[in-house]
Structure formats: structure tokens, C-alpha cells
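Chain by chain, the residues run as shown.
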Amino acid sequence: MTRIGFYPGSFDPPTNGHVEIIARAVKMVDRLVVGVGAHHGKTPMFSLEERVAMLETIARDSEPGFDIVTYDGLTVDAAQKAGASLILRGLRDAADFAYETQMAGMNAALAPQVETVFLTASPATCHIAASLVRQIADMGGDVTEFVPPSVAARIAARHGNS
Ligand code: ADP
């Protein structure tokens, strides 16, 4: 049986933290599907298409690779549509733990056949948050140590620094 994992998130923008979770997750499953959710209620820094394009660049450079889908509804529905038996999420700190365990419980109630698996962030990336990358970039700060080079280039282009 092919084990498919689904890694959902906003990826606005993809960070080194996301990339590390992806690199570890691809080793745990036969196929990894990264699900890029529409950012309901929030104004994203990057459009869905731009976030997918950034992840496609990362996927091209990854060995083994991963697939990318977009979704606009429940994560459990998108995971099942992708054929996934696992939802993968990253855990950085106690705040993530509190939120993620509640979410995993709700998702388990909605779709008991889909298991949520947590990967703890490494010390090298556990401080990285896409929301802080957006804030730093908005204020003209340097985000190159927090995101892949291709994402840093896109942010620089957005801010007229390239
Ligand atoms: P959301 O908007 O749903 O939080 P994100 O794109 O911010 O989505 O994150 C998607 C997933 O990646 C979440 O499981 C989050 O905990 C995880 N993640 C984000 N940043 C890191 C990081 N630096 N290290 C490990 N996991 C991370």
C-alpha cells in the first residue's frame, strides 16, 4: 500500500522551517503532497499562485521531490482527496503544541481514518515563522537567513531590492 502524507499550510512565504519539515517528511512516506491553503480572512503577502510557484521551485531542487496542490476547504477533505492517510504538521514551541493538538483532535473527529503526525522543529529553524518573515520584509529587513534563496529573491523583487 502506498503511504501518502499531506503537509498543509499557508506557506506565505515558504520558509527554511517549512523546507526542513518537507525534507524530513518525504523520507517518512511514499509520496508527500504539500497542500497550500487559501488564506481566508487574511490578506496574504503572496497570492496562491505565487506561493505554489515558490514551492515548485523548491520541489525542483529537492531529492526526492514532492507534489503540490491547492485547497480551499477543510484540511481533512483535501488530505483525503489527495489519498493521504497522514497529515504532517511541524511543532515549534508550546504555542504550536496547544493549537496543533486541538486542531488534530478536531480533524480526528471529522476524519478518524486520517492520522496527524507532528515533527518537532530543529534548533536551527524553530524560531522561524512566516508571519515574522512577512513583517521583517515589509519593514525592509533582510530575510535571507530565514527562507530559501529563490524565496528571498522573490521577496527582494517585490520590495524593489533586486
Ligand atoms: P498555518 O498558517 O496553518 O500555521 P504555516 O504555513 O504557517 O501554516 O505552517 C504550516 C506548518 O508548518 C505548520 O504545521 C507549522 O507549525 C509548520 N511550521 C511553520 N514554521 C515552521 C518552522 N520554523 N519549523 C517547523 N515547522 C514549522
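Coordinates for the structure precede this section.
Residues numbered from 1 in each chain as written. Predicted model: local features only at pLDDT ≥ 70, side-chain atom pairs only at ≥ 80, totals over all residues. Heavy atoms only, no water.

1. A short note on the overall build of the protein
1) Next: Looking only at helices and strands, the protein has six helices and five strands in total.
2) Next: Start at the N end of the protein and walk to the C end: the helices and strands fall as β-α-β-α-β-α-β-α-β-α-α.
3) Next: Taking 162 residues into account, the globule formula puts the C-alpha radius of gyration at 15 Å, and the protein, at 15 Å, falls close to it.
4) Next: Oriented by its inertia axes, the alpha-carbon framework of the protein measures out at about 45 × 30 × 30 Å.
5) Next: Classification of the 162 residues of the protein by burial places 44% in the buried group.
6) Next: In the protein, once contacts between residues fewer than 6 apart in sequence are set aside, the share between residues at least 24 apart is 76%.
7) Next: Carbon and sulfur atoms make up 54% of the accessible area of the protein, which amounts to about 8,600 Å² in all. (Helix = DSSP H or I, 4+ residues; strand = E, 2+ residues; numbered from the N terminus. Rg over C-alpha atoms; globule rule 2.2 N^0.38 Å. Buried < 20%, exposed > 50% of the residue type's maximum accessible area, 1.4 Å probe, protein only. Contact = heavy atoms within 4.5 Å. Areas by Shrake-Rupley, 256 points an atom, 1.4 Å probe, with all protein chains shown as cover.)

2. Quick look at the packing of aromatic side chains
1) Next: Going through the model one piece at a time under the given rule, you end up with two aromatic pairs.
2) Next: Ring centres of Tyr7 and Phe11 lie 5.3 Å apart, and the angle between their planes is 75°; this geometry places the pair in the edge-to-face category. Both residues of the pair, Tyr7 and Phe11, count as buried. (Phe/Tyr/Trp six-rings, centres within 6.5 Å; stacked < 30°, edge-to-face > 60°.)

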